[in-house]
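# Close look at the chain arrangement
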Amino acid sequence: MTAVTTVATTPFAGQKPGTSGLRKKVAVFAQPHYLENFVQAVFDSIGAVAGKTLVVGGDGRYHNRTAIQVILKMAAANGFARVMVGRGGILSTPAASCVIRKYQTFGGIILSASHNPGGPTEDFGIKYNIPAGGPAPEAITEAIFARSQVIDRYRILEAGNLDLDRLGTARLGEMTVEVFDPVADYAALMESLFDFAAIRAAFQAGFRMKFDAMHAVTGPYAVEILERRLGATPGTVMNGVPLEDFGGGHPDPNLVHAHDLVEALTGEGAPDFGAASDGDGDRNMVLGRDFYVTPSDSLAVLAANATLCPGYAKGLKGIARSMPTSAAPDRVAAKLGIPAWETPTGWKFFGTLLDAGKATLCGEESFGTGSDHVREKDGLWAVLMWLNVLAGRKQSVADIVTAHWREFGRNVYSRHDYEGIDSAAADGLMEHLRGLDLKGKSLDGYTVAFNDDFAYTDPVDGSVSVRQGIRVVFEDGSRIVFRLSGTGTEGATLRVYIERYEPDPAKHGLDPQAALADLIKIARDLAGIEARTGRAEPTVIT
Ligand code: G16
């Protein structure tokens, strides 16, 4: 027996999607009606859903399966004809984008809090991706938020739970649910972009790598692609089984949280290449033996070598990066004679550029790299592109990156995060910075060219986004950027991005913290970080 019920409800405050969807503690999502209200607000805001197909899946974190059962019943009650669900509720964010595009569905719902920890006391998240495969743009997320604030009912089917672990189709009321293999379509897409034969040959010739899936969603993808299709030694994939709490870890691929991988890549006898991905598979960190590649440099190096990869052999249309990402990719774009775009933080801002054919590669300092093959950043894609470049150039990661610096100069770069600080103090700090007029002033010997709060007008659809981060740009091109994270769930996180251009190869080997020491001090003093937040040192440095 199945029957559609209309349930009376009242709005919850704060169902406002952040940088990438709505992210809250599990306990918040588990409250009666909380998830339902948001899902109904999505369905009410995206146009007529009757007869349409929706993709649903998530990163496998705690509450994923519970939420999927609710979404299926609500999709059926709202008139969707079909929902495609990844087996076991699993679907990496880039694979979701791939499937939405391939099967031309009416978008998808992705359940993830990305790199945030998972488990009963940790984080959960939900976002809607549009039919083009990318995160909903601000006009839609604002409409969803507005709807969530006046919602008074939602529709849900009264029915039992479906088996999400068996491939095949089932009925839910009038709707068809298809449980599909979450890896197959994505793996096929990767195989169409990269020279799998060359990478396989490299592994056969003794090339070794480690991939840390951090007990998050990329495990099954990495085992299938790296070990089965490319012939990497079994065991290449570490922490490859997705767990609801990510094994108690923090599935954020950076030098602090992916320390197992960093250790594995250290010292003699270490593998040639190391990489990690995050909770939902869209981020990546890339390492060589004893060598860390900053995400900004990674984008630049991949862009400079893209034509080695079959999918990009014809060249790039343009390169896009988020504002806080270093200008290293811009130097490659200039050399290639293609446009370089600077957008606010958030992958959603790349969508219009990719759709309009204005950019092929995009990237962000926050360990995100991707291309026009999907509309999300893509962790494994970046790993495969690196593998293709390494197989093509037959050099080490360190040699490729240092040669890149010799050719283009080095944008020395670091990000300092102050996590979990008091929200009011963080807002006060940003207000203080916003009020400063620094143009022409000298700060410890650096003259300020300009300072502003970054605003962006989308060159394709003309939409305007303001207050996207405070920039202090110096006359020599050095730069400090201050931003508050839009993805945290506790207090506020202040991010400080510091960058200086170094043309002299003799200085390229310097530790970035040392090379940037004077700018780091200027940043701390200017914002009064310690006085305002009580923190003398950042929580995470990348
Ligand atoms: C999300 C967005 C990214 C963005 C990042 C910034 O990443 O998808 O495009 O760069 O947030 O995070 P914050 O606002 O904390 O600096 P993810 O991987 O969390 O979806």
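Refer to the structure above for everything that follows.
First things first, this report covers the structure right here in the doc. (Residues numbered from 1 in each chain as written. Predicted model: local features only at pLDDT ≥ 70, side-chain atom pairs only at ≥ 80, totals over all residues. Heavy atoms only, no water.)

## A closer look at the pairing of strand β10 (residues 209-212)
Alignment of β10 against strand β12 (residues 273-277), held across 4 bridges, turns out to be parallel. Among the inter-strand pairings, Lys210 is bridged to a residue of β12, identified as Gly274. Two strands pair when backbone bridges link them, and β10 and strand β11 (residues 237-238) are joined in this way by 2 bridges, in the parallel orientation. Following the sheet pairing, Phe211 is matched in β11 by Val237. Note that the unit made of β10, helix α8 (residues 218-229) and β11 has a crossover that is right-handed. (Pairing = 2+ DSSP bridges. Helix = DSSP H or I, 4+ residues; strand = E, 2+ residues; numbered from the N terminus. Right-handed = clockwise from strand over helix to strand, strands pointing away.)

## A short note on the site of the ligand
Near the ligand, the surroundings consist of 19 residues, among which Glu364, Ser485, Gly486, Thr487 and Arg495 are the closest. Between the ligand and the protein, one listed contact pairs an oxygen atom with a side-chain N or O atom of Arg495 at 2.6 Å. Relative to its unbound accessible surface of 460 Å², the ligand loses 99% to contact with the protein. Its atoms largely coinciding with the cavity grid, the ligand occupies the largest cavity. (Near = heavy atom within 4 Å. Polar contact = N/O pair within 3.5 Å; in protein donor to acceptor, adjacent residues only side chain to side chain. Areas by Shrake-Rupley, 256 points an atom, 1.4 Å probe, with all protein chains shown as cover. 1 Å grid on protein atoms, 1.4 Å probe; cavity = no way out; pocket = protein on both sides within 12 Å on 5 of 7 lines; lining within 4 Å. Sits in = over half its atoms within 2 Å of the grid points.)

## Here's the deal with the sheet that holds β11
With mixed pairing, the 5 strands of this open sheet are ordered in space as β11-β10-β12-β13-β14. Of all strands in the sheet, those with a lone pairing partner are β11 and β14 (291-293), marking the two edges. Taken strand by strand, helix α13 (residues 379-393) contacts β10, β12, β13 (284-288) and β14, and its axis lies near 165 degrees from that of β12. (Contact = heavy atoms within 4.5 Å. Axes fitted to C-alpha atoms, helices over the stretch in contact; angles between N-to-C directions.)

## Quick notes on the environment of Val83
Structurally, Val83 is set in strand β4 (residues 82-90). Given the relative accessible area of 1%, Val83 is considered buried. Considering only alpha carbons, one finds Val83 and Phe106, 23 residues apart in sequence, at a separation of 9.9 Å. (Buried < 20%, exposed > 50% of the residue type's maximum accessible area, 1.4 Å probe, protein only.)

## Focus on the sheet that holds strand β15 (residues 319-322)
If you walk across this open sheet you meet the 4 strands as β16-β15-β17-β18, and the pairing is mixed. In the strand order of this sheet, the two ends are held by β16 (340-343) and β18 (368-371), each with one partner. Here the strands of the sheet are splayed against their neighbours by 15 degrees on average, with no regard to which way each runs. As judged from the 3 bridges shared by β15 and strand β17 (residues 361-364), these two strands associate in the parallel manner.

## So, helix α4 (residues 93-102)
With 8 of 10 residues buried, α4 lies mostly within the body of the structure. Among the residues of α4, Thr93, Pro94, Ala95, Ala96, Ser97, Cys98, Val99 and Ile100 are the ones counted as buried. Measuring from the backbone nitrogen of Ala95 back to the side-chain oxygen at the start of α4 gives 3.0 Å, which picks out Ser92 as the cap.

## Observations concerning the nonpolar core
As a rule of thumb, soluble globular proteins bury nonpolar side chains together. In terms of nonpolar packing, the biggest core is built from 67 residues, with Phe194, Phe211, Phe273, Tyr312, Trp381, Trp386 and Leu387 touching the most fellow members. With 11 residues, α13 is the largest single contributor of residues to this core. Looking at which domains feed residues into this core, each of domain 1 (3-182) and domain 2 (186-408) gives three or more. The residues touching Phe194, leaving out its near neighbours within four places in the chain, are Cys309, Pro310, Tyr312, Trp381, Leu384, Met385 and Asn388. Judged by nonpolar contacts, the second largest core, of 46 residues, contains Ala67, Met74, Ala77 and Ile126. (Core = buried A, V, L, I, M, F, W, Y, C linked by side-chain atoms within 4.5 Å. Domains from an automatic or database assignment.)

## Comments concerning α13
Its 15 residues place the ends of α13 21 Å apart at the C-alpha level, agreeing with the 21 Å of an ideal helix rising 1.5 Å per residue. The element α13 is largely enclosed, with a buried count of 13 among its 15 residues. Looking at where α13 begins, the residue whose side-chain oxygen comes 3.5 Å from the main-chain nitrogen of Leu380 is Asp378. Positive backbone phi, approximately 55 degrees, marks Lys394, located one or two places after α13. (Expected span 1.5 Å × (residues − 1).)

## Looking at the pattern of salt bridges
For the coordinates displayed, the defined rule picks out 34 salt bridges. For the salt bridge of Asp163 with Arg166, the shortest nitrogen-to-oxygen distance reads 3.5 Å. Since its relative accessible area comes to 58%, Arg166 is described here as exposed. The shortest N-O distance in the salt bridge between Glu224 and Arg229 comes to 2.8 Å. With a relative accessible area of 18%, Glu224 lands in the buried category. Three or more residues joined by partner-sharing salt bridges are found here, namely Arg321, Asp330, Glu342, Asp452, Arg471, Arg479 and Glu499. (Salt bridge = Lys/Arg side-chain N within 4 Å of Asp/Glu carboxyl O.)

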